[in-house]
Amino acid sequence: MLGPSLALRGPDGSLADAVAGMQGYTKVMLATFMAALGLLLLSVLSFTFGHSQMGPASRVVLCSTILAIIGGTVRYSRIVLRVFRLPDAAAVSGAFFDEHGACSTGTACCSTGP
């Protein structure tokens, strides 16, 4: 939420900082979301063992259904991560200057250094 604001309203060079920061936190937030989803499914699974009014047959059906959902979540999250993975080499930072301070766009607007 603050990354786009930094990129738009920050000082010169803040676009690259905002992009790098958002890329780093995207990985952290995705891992946190997946952990929370896994813990939610495990809490539902533990509910089946703590509920005293369920018979053995309904516990088996419910446990197998929840385990299938957990397996499907893991499977499809791996597919999504594989399909939408952006290699670090293909990421564009938005910076107008390379690591040596030279203009990377080749235009006249980059005649001064960073």
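Residues numbered from 1 in each chain as written. Predicted model: local features only at pLDDT ≥ 70, side-chain atom pairs only at ≥ 80, totals over all residues. Heavy atoms only, no water.

Things to note about the overall build of the protein
Thought 1: Helix and strand counts for the protein come out as 3 helices and 0 strands.
Thought 2: Taken from the N to the C terminus, the helices and strands of the protein come in the order α-α-α.
Thought 3: Counting all 114 residues of the protein, 11% fall into the buried class.
Thought 4: When contacts within the protein are restricted to residue pairs at least 6 apart in sequence, long-range pairs at least 24 apart make up 30% of them.
Thought 5: Summing over all exposed atoms, the protein offers an accessible surface of approximately 8900 Å²; the carbon and sulfur share of this is 69%. (Helix = DSSP H or I, 4+ residues; strand = E, 2+ residues; numbered from the N terminus. Buried < 20%, exposed > 50% of the residue type's maximum accessible area, 1.4 Å probe, protein only. Contact = heavy atoms within 4.5 Å. Areas by Shrake-Rupley, 256 points an atom, 1.4 Å probe, with all protein chains shown as cover.)

Some words on helix α3 (residues 56–83)
Thought 1: Look at α3: 40 Å from first C-alpha to last across 28 residues, which is about the 40 Å you get at 1.5 Å a residue.
Thought 2: The complete set of buried residues in α3 reads Cys-63, Ile-66 and Ser-77.
Thought 3: If you follow the buried residues of α3, they end up packed against α2 (14–50). (Expected span 1.5 Å × (residues − 1).)

Thoughts on the confidence of the model for the protein
Thought 1: Taken as a whole, the protein shows an average pLDDT of 77; of its residues, 76% reach a score of 70 or greater.
Thought 2: Highest mean pLDDT in the protein belongs to α3 (88); lowest belongs to helix α1 (residues 2–9) (77).
Thought 3: A low-confidence stretch, residues 108–114 stays under pLDDT 50, and its non-local contacts, those more than four residues away or across chains, total 9 contacts. (pLDDT = per-residue confidence, 0-100.)

Things to note about the packing of aromatic side chains
Thought 1: Overall, the coordinates contain 0 aromatic pairs when judged by the stated rule.
Thought 2: The ring of Tyr-76 has Arg-75 lying over it, and the distance from NZ or CZ to the ring centre is 5.0 Å. (Phe/Tyr/Trp six-rings, centres within 6.5 Å; stacked < 30°, edge-to-face > 60°. Lys NZ or Arg CZ within 6 Å of the ring centre and 35° of its normal.)

Description of the packing of α2 against α3
When two helices pack together, their arrangement is given by the angle between the helix axes and the distance between those axes.
Thought 1: Two elements in contact, α2 and α3, have axes whose closest approach is 9 Å; the angle formed by their N-to-C orientations is 170 degrees. Judged by the angle between their axes, α2 and α3 are roughly antiparallel. Between α2 and α3, the contacting residues are Leu-30, Met-34, Leu-37, Leu-41, Leu-42, Val-44, Leu-45, Thr-48 and Phe-49 on the first element and Arg-59, Leu-62, Cys-63, Ile-66, Leu-67, Ile-69, Ile-70, Thr-73, Ser-77 and Leu-81 on the second.
Thought 2: Here the contact of α2 with α3 is built from residues that sort into 15 nonpolar, 3 polar and 1 charged. (Axes fitted to C-alpha atoms, helices over the stretch in contact; angles between N-to-C directions. Parallel < 35°, antiparallel > 145°, perpendicular 65-115°, else oblique. Nonpolar A, V, L, I, M, F, W, Y, C, P; charged D, E, K, R; others polar.)

Quick look at a positive patch on the surface
Thought 1: On the surface, a cluster of positive charge is made up of Lys-27, Arg-78, Arg-82 and Arg-85.
Thought 2: By the element assignment, Arg-82 lies in helix α3. (Patch = residues over 30% accessible without salt bridge, like charges linked within 9 Å, V, L, I, M, F, W, Y side chains within 5 Å. Salt bridge = Lys/Arg side-chain N within 4 Å of Asp/Glu carboxyl O. Lys, Arg positive; Asp, Glu negative; His and termini not counted. Charge placed at Lys NZ, Arg CZ, Asp CG, Glu CD.)

Overview of a nonpolar patch on the surface
Thought 1: Together, Tyr-25, Val-28 and Met-29 line one region of the surface with nonpolar side chains, adding up to about 350 Å² of accessible area.
Thought 2: Along the chain, the position of Val-28 falls in helix α2.

Some details on the packing of α1 against α2
Thought 1: For the pair α1 and α2, interaxial distance at closest approach is 7 Å and the crossing angle is 165 degrees. By the angle between their directions, the pair α1 and α2 is classed as roughly antiparallel. As α1 runs across α2, the sense of the crossing is left-handed. Counted together, Gly-3, Pro-4, Leu-6 and Ala-7 of α1 and Ser-14, Leu-15, Ala-18 and Met-22 of α2 form the full contact between these two elements. (Left-handed = near helix turned anticlockwise from the far one by under 90°.)

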